[in-house]
Structure formats: C-alpha cells, structure tokens
Amino acid sequence: MTHSSLKLPIYFDNHATTPMDPRVLEAMLPYFTEKFGNYASVGHVFGRELQKPVAEARASIAKLIRCRPEEIIFTSGATESNNLAIKGVADACCASGRHILTCRTEHKCVLNTCKHLEEAGFAVTYLDVDQHGRVTTEAVKTALRRGKDGVDRTMLVSLMLANNEIGTLHPIADIAKVCQEAGVLLHVDAAQGVGKIPVNVNELGAHFVSFTAHKMYGPKGIGALYVRKSDPCVKLNCQMQGGGQEGGYRSGTLPVPLVVAFGKACAIAAEELGEEVLRLKAMRERLVKGLQERLEVEFILNGHPQERLPGNVNISFPTIDPELLGVSLKDIAVSSGSACSSSRPVASHVLKALGRPDDVALASIRFGIGRFNTMEEIEYAIEHIVAVTNRLGKRTGGQSIHSPVLRSAGPASEF
Ligand SMILES: *Cc1c(COP(=O)(O)O)cnc(C)c1O
C-alpha cells in the first residue's frame with residue numbers, strides 16, 4: 001500500500017494541544033492590528049468597538065457549556081483556572097473547611113496546587129481509581145469529611161471530567177449529587193472535555209469548571225473558569241490582584257484577539273461536535289481493531305472501555321524496551337507514558353495509579369485523534385506500529401517482562 005499523499009510525521013497528540021482551526025485564526029486576526037484597543041478603555045472608539053465582539057465571544061463560550069455569559073471568567077488557560085478555583089476556594093472557605101478531596105490521576109496542575117495547600121496547613125485526600133482509571137461515587141462519599149470545621153470538614157472536591165492520558169470519564173454528575181447533599185463545593189477540570197464531548201454545566205452539577213482554548217482548536221494562552229454565580233454557597237477569592245477586570249475575579253488586560261478566537265472555537269464546536277464525536281470514534285475503533293488483529297506482541301489497552309473520550313487510545317507494550325519504542329515510532333507523533341522532568345524519564349502517575357509497573361508504564365503510547373486526522377492516517381499508523389513492534393519484539397527476544405499480561409483491559413469490541 002502506498003501513502004503518497006501523507007505528510008510525515010502524522011500528528012496524533014491532540015490531548016497535548018490541537019492545531020488551530022483556520023476559521024479561528026481568520027476571526028482573531030483583525031484584533032491584533034486594526035481593532036487593537038484596550039477593552040477597558042471605553043472613553044473612545046478603540047475600546048468601545050471591542051465591547052460587542054467580546055460580548056459575543058463570551059456568549060458563544062457560555063452557550064457551548066450552557067451557562068450565563070457572566071459566569072465565564074477568562075484566564076490564561078486551564079492551569080490558571082485550576083489554580084484559581086482551588087486556591088480561590090481554599091482562601092475563601094478556610095474559616096470553615098480545610099480538607100480537599102481529589103484523585104491520584106488528576107493533571108499535575110491540580111495535584112501540585114493541592115500539594116502546595118498541604119504545605120499551608122490544608123489536608124488533602126488523593127483517591128485511588130479502579131482498574132479503568134475511574135473514581136467511584138462511593139469512594140467520594142466515604143472520603144467526604146462532614147465535621148464542623150478545619151481539616152475535619154471537606155470544603156472542595158476537585159476531579160477531572162476526562163483524563164488527558166487514558167481518556168477515562170469520571171462519573172461527575174453522580175458525584176455532584178453527593179457533594180450537593182454534603183454541602184461541599186465541586187470543581188471540575190474539563191480541559192479534555194469541553195469541545196471534545198457535550199458538556200452541560202447544569203447536568204454536570206459542578207460549581208466551577210476549568211477549560212482551555214488550545215485543546216479545542218483555539219489558540220494557546222487563553223482559558224476560562226465557569227463559576228456558578230447563581231448559587232449563594234459559591235465563594236471564590238481572586239488570586240490575581242490588579243485593576244479588577246473579569247468582575248474582580250481575575251485582573252489583567254483582556255487579550256481580545258484570544259477571546260474572539262476562543263469564542264469562534266466554541267461556536268464551531270457547538271455546531272460540529274455531534275458529527276465530530278462520531279468521526280473520531282470511528283477512527284479510534286478502526287485503530288484499535290487494526291492493532292488487535294495485527295499486533296504480534298503483547299499489549300494492554302488502558303482506560304475505560306465505554307466511559308471514555310472518543311479520540312483517545314492508550315496502549316502499553318509490556319515486552320518492549322521503552323527507549324527503543326520511543327525512538328522507533330518516528331512516523332507518528334504520539335506521547336509516551338513518561339514525563340521527562342529530569343534526565344531520566346519518570347513513569348506516568350496515571351498509568352501507575354492503574355497498577356502498571358514503572359517499566360510497563362514507560363512502554364506506553366497515547367494517541368489523541370483529532371479534527372484534522374483522517375482514516376488514511378489511521379491505516380498508516382496501524383502499519384507503522386505493527387512493523388515497529390514486530391521488529392522490537394524480536395530484538396528483545398520476545399521475552400515477557402511482566403506476566404501474566406492481559407491482551408486487553410476490557411471486551412475487545414467495546415473499544
Ligand atoms: C492541558 C490540560 C491542562 C492544562 O491546560 P493549559 O491550558 O495548557 O494550562 C489541565 N488539565 C488537563 C486535564 C489538561 O489536559
């Protein structure tokens with residue numbers, strides 16, 4: 001088979017970031033050079049002409065997640081939104097509760113924010129996950145502290161909607177009911193959810209929801225925190241002092257080109273999400289089926305078989321040398337099960353939470369299939385992975401370094 005039209009390497013790392021949609025770029029360009037004013041400087045036309053485009057962008061973002069426009073706080077991305085939500089609640093509520101509930105598989109920006117608060121005297125519980133990477137509603141219920149105040153009282157539950165490594169979805173709507181009954185605030189990191197699957201903040205039941213433009217075909221450097229302002233229990237202290245922009249929740253000059261772009265990315269998602277989910281799902285199913293039919297080495301599919309993101313595939317190859325795997329898959333841009341925080345690769349904390357040993361976690365690859373991938377690219381990826389793993393499997397003598405090994409973490413047809 002020839003793939004003359006394919007450009008190599010093929011980008012399959014859409015959980016790390018997405019390319020910007022050309023329609024988004026077109027929408028934002030005039031706001032750099034022609035309509036460059038300061039949104040807050042309404043004394044003249046340069047600021048005044050920005051009021052409507054910003055209002056429209058805010059409205060299209062709000063519409064995508066079904067909230068009111070004034071409940072959207074612009075930030076620089078999901079890292080900042082997560083910091084603002086967790087530290088902002090900790091600041092505002094520390095007189096009553098000083099306990100936070102989160103999970104081992106959260107993004108580092110949530111885990112490290114929680115660690116920072118632990119050093120400041122807060123108590124944090126990091127919940128375990130099941131074999132598919134899901135936290136159970138029962139575990140949340142059991143771990144909630146219902147005391148009167150201090151570390152005996154949970155003030156915040158922070159859990160992600162969709163995991164960025166394995167695609168598993170937490171049962172957030174059920175957990176929200178438990179939080180509601182206990183009078184505990186719920187923050188949801190939905191950086192991998194908004195724009196990728198339908199998200200309705202009312203059905204989700206969260207008080208705070210973080211998301212970011214560059215994971216949904218918008219630009220890097222802008223995100224949002226949804227704050228359920230209609231709920232009198234919601235308390236949040238700002239973490240950025242300054243001119244009082246964004247209703248005082250987040251000071252700083254509004255980056256209007258990015259705001260307009262974020263609005264356009266959300267408008268496109270609202271319009272095309274239903275169709276896109278089906279297209280990505282078909283590509284994921286083809287990839288998994290192709291690998292299941294043709295791989296000759298052992299492998300494990302990580303993540304939940306059904307409760308998952310449509311574009312995510314995460315595979316471990318327990319018998320293959322991680323270093324060789326990394327350098328050999330040169331035609332496809334995927335991410336590995338490691339974080340290169342120092343000179344030595346560190347095994348993914350998410351895969352370790354699933355019970356994978358370090359060497360298996362390191363020999364893993366993550367696909368994030370996105371809007372601009374094609375079925376032809378999927379076919380190429382199957383052939384490339386089969387060829388590489390066959391070669392490496394032989395080179396390492398076909399020895400299993402971890403046995404017994406599952407061929408799949410769930411029913412094959414469900415992936
Ligand atoms: C990407 C990501 C973040 C960080 O978002 P930025 O906008 O890059 O700061 C946080 N949480 C999850 C789950 C992510 O995937």
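Cut-offs and rules
- Here, residues in each chain are numbered from 1, in the same order as that chain's written sequence.
- Reporting of local features is limited, given that this is a predicted model, to residues whose pLDDT is at least 70; pairs of side-chain atoms are given and counted only at 80 or more, and all residues count toward the totals for whole chains, interfaces and linings.
- In computing side-chain properties, one takes all heavy atoms of the structure into account and sets aside hydrogens as well as water.
- By the criteria applied, helices consist of DSSP H or I runs no shorter than four residues and strands consist of E runs no shorter than two, each listed in order from the N terminus.
- Atoms counted for the radius of gyration: C-alpha only. Globule rule: 2.2 Å times residue count to the power 0.38.
- Burial status follows relative accessibility: with a 1.4 Å probe on protein chains alone, a residue under 20% of its type maximum counts as buried, one over 50% as exposed, and anything between as partly exposed.
- Exposure was quantified through the Shrake-Rupley algorithm and a 1.4 Å probe, taking into account, for residues, occlusion by the shown protein chains and nothing else.
- We treat Lys and Arg as the positive residues and Asp and Glu as the negative residues; His and chain ends play no part in the count.
- One atom stands in for each charge, and that atom is NZ of Lys, CZ of Arg, CG of Asp or CD of Glu.
- If a single non-hydrogen atom of a residue is within 4 Å of a molecule or strand, that residue counts as near it.
- The definition of a polar contact used here is a pair of N or O atoms within 3.5 Å, where within protein one atom must be able to donate a hydrogen and the other to accept one, and adjacent residues in sequence count solely through side-chain atom pairs.
- Gly is put with the polar residues, along with every residue not named as nonpolar or charged; the nonpolar set is Ala, Val, Leu, Ile, Met, Phe, Trp, Tyr, Cys and Pro, and the charged set is Asp, Glu, Lys and Arg.
- Within this analysis, patches are made of residues with over 30% relative accessible area and no salt bridge. Like charges are joined at 9 Å or less; nonpolar side chains (Val, Leu, Ile, Met, Phe, Trp, Tyr) at 5 Å or less.
- By definition, a salt bridge exists where a carboxyl oxygen of Asp or Glu is found within 4 Å of a side-chain nitrogen of Lys or Arg.
- The span you would expect from a helix comes to 1.5 Å times its residue count less one.
- For every residue, the predictor assigns a confidence score, pLDDT, that lies between 0 and 100.
- We call two residues contacting when some pair of their heavy atoms lies within 4.5 Å.

Remarks on the overall build of the protein chain
The number of helices and strands found in the protein chain is 14 helices and 15 strands. Relative to a compact globule of 415 residues, whose C-alpha radius of gyration would be 22 Å, the protein chain shows 22 Å and is just as compact. Summarising its shape, the C-alpha atoms of the protein chain cover approximately 70 × 55 × 40 Å along the three principal directions. Looking at the protein chain as a whole, 55% of its 415 residues qualify as buried. Of the roughly 17600 Å² of accessible surface on the protein chain, a fraction of 53% belongs to carbon and sulfur atoms. Here the protein chain carries 46 positive and 44 negative side-chain charges, and the mean point of each set is 2 Å from the other.

Considerations on the site of the ligand
Within the structure, the ligand sits among 14 residues, and Thr 79, Asp 189, Gln 192, Thr 212 and Lys 215 are positioned closest to it. The separation between an oxygen atom of the ligand and a polar side-chain atom of Thr 79 is 2.6 Å. Between the ligand and Gln 192, the relevant distance is 2.7 Å, taken from an oxygen atom to a side-chain nitrogen or oxygen of the residue. Here the ligand loses 88% of its free accessible area of 380 Å² to cover by the protein chains. Its residues assigned to classes, the shell around the ligand comprises four nonpolar, eight polar and two charged.

Considerations on a nonpolar patch on the surface
Residues Leu 25, Leu 29 and Phe 32 make up a contiguous nonpolar surface patch of about 280 Å² in total accessible area. Along the chain, Phe 32 turns up in helix H2 (residues 30-33). Accessibility expressed as a relative area gives 47% for Phe 32, which makes it partly exposed.

What to know about the side chain of Arg 134
Among the secondary structure elements, Arg 134 is positioned in the loop between strand E4 (123-127) and helix H7 (137-143). Arg 134 gets classed as buried once you look at its relative accessible area, which sits at 18%. Reaching out from Arg 134, the side chain makes a polar contact with the backbone oxygen of Leu 169 at a distance of 2.7 Å.

Here's the deal with helix H5 (residues 78-93)
For H5, spanning 16 residues, the distance from its first C-alpha to its last is 22 Å, which sits close to the expected 22 Å at 1.5 Å a residue. Residues of H5 that are buried: Ala 78, Glu 80, Ser 81, Asn 82, Asn 83, Leu 84, Ala 85, Ile 86, Gly 88, Val 89, Ala 90 and Cys 93.

Considerations on the confidence of the model for the protein chain
Confidence in the prediction of the protein chain, expressed as mean pLDDT, is 93, and 93% of residues score 70 or more. A low-confidence stretch, residues 395-415 (pLDDT under 50), is modelled with 48 contacts involving residues beyond four sequence positions or located in other chains.

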